Amino acid sequence: MPILVPAAVPPPPVVVPWPTRANEMPQVWFTDPAGLTTKFNDWSNGWVLQPGAKGLDMPGYDFTQDQSPGIDGYAIRQVRAQGKEIALPIAFWADDSRTAYLARRRALIRSLNPKRGEGTLTVTQSDGAARTIGARYSAGLEGDESLDAAGRTWCMGVLTFACPSPFWLGPEVTTEWRAAVAGSFFPVLPLAVGNSQVLGSVTVDNDGDDDAFPVWTITGPATAVSLTNVTTGDVLVLAHTITVGDTIVIDTRERQQTALLNGATNLWGGLSDDSTMWALEPGLNDLTLTVTGSTSNTRVRMTYQPRYLAA
């Protein structure tokens, strides 16, 4: 008697509930403190950045909270961005020999040594925008010889980098102002200028996602400089006489704040009591710049890097 069996039923087609595409990976470089650069997308030379990179966008945040008896919830008193970790899945190989592969691996290990100082990760997206962040290797290349992780002339793993600052930096933005002389041309920022001062009311557009801290360079002669961010109400005033050829650099960047004459003499004591190492807010900032005791040789230069929350 024939045995009845159920007819074979083909499985239903697999439907992916999201659009599928090949991962579009950014270009990623690591530059060590000595300036040696490794490009992790260099297929022809044996480097591949694989899908799965993490930490390229927003950092985490800490909130300082105040709680009051009898009131539900809490008030947020302060918000602080944390440092971040960036994880990069990397595969690399050498086609010719085990010796060449080991040389490449050892060179990478030497370059990643975090005790040598802070390196730089650079990410370039498909639109050409490049941003950098300070980074030190923290894990991922300890050595895994599992069958699916390494072979005679190849290996793969996830390199983890510790980034003390949560922000990605864009290219430097530099603007210079100077006193007028006959035939002078101001292609960017028109200034109202007197004989004894550089005086300008200008607007600076900070394209970043967070505050940007400028570095000011004042080239003499001058007797005092007053830099005001009208938008925030902050002022920076330094009284010190300099002559032609002298340079004052006021660095307002966090953890680097200095005021130096000719790169050596500390002028911090010459700052007024109400001075702050103010920042440019995201967006438009109205500034007023005044340098007394100036001549046509006097220059004021502002340099900053926009800070972004994502690569």
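Placed above this text is the structure.
Now for a look at the structure at hand. (Residues numbered from 1 in each chain as written. Predicted model: local features only at pLDDT ≥ 70, side-chain atom pairs only at ≥ 80, totals over all residues. Heavy atoms only, no water.)

Here we take up the sheet that holds strand S13 (residues 215–219). Taken in spatial order, the six strands line up as S11-S20-S13-S16-S17-S18 in an open sheet, and their pairing is antiparallel. Both outer strands of the open sheet, strand S11 (173–178) and strand S18 (265–266), are each paired with one neighbouring strand and no more. Note: S11 against strand S20 (residues 299–304), six bridges, orientation antiparallel. Residue Val173 lies in a different strand from S20, and its bridge partner there is Tyr304. (Pairing = 2+ DSSP bridges. Helix = DSSP H or I, 4+ residues; strand = E, 2+ residues; numbered from the N terminus.)

This brings us to empty space enclosed by the protein. Across all of its chains, the model carries one cavity of 30 Å³ or more by this definition. Of the voids in this model, the largest cavity is the one considered here, and its volume is about 30 Å³. Taken together, Phe30, Pro33, Ser111, Leu112, Asn113, Pro114, Gly117, Gly119, Ala135, Arg136 and Tyr137 make up the lining of the largest cavity. Looking at the lining of the largest cavity, the elements with two or more residues in it are helix H1 (98–112) and strand S8 (130–139). In terms of residue count, S8 provides more of the lining of the largest cavity than any other element does, three residues in total. (1 Å grid on protein atoms, 1.4 Å probe; cavity = no way out; pocket = protein on both sides within 12 Å on 5 of 7 lines; lining within 4 Å. Points joined across faces, edges and corners; volume = space filled by probe spheres on them.)

This part takes up the layout of surface pockets. Approximately 960 Å³ is the volume found for the largest pocket. Surrounding the largest pocket, 29 residues form its lining, Ser165, Phe167, Glu254, Arg255 and Arg307 being those nearest its centre. Listed by contribution, the elements that provide at least two residues to the lining of the largest pocket are strand S5 (75–81), S8 and S20. Each residue belonging to the lining of the largest pocket can be placed in one class, and the counts come to eleven nonpolar, nine polar and nine charged. (Nonpolar A, V, L, I, M, F, W, Y, C, P; charged D, E, K, R; others polar.)

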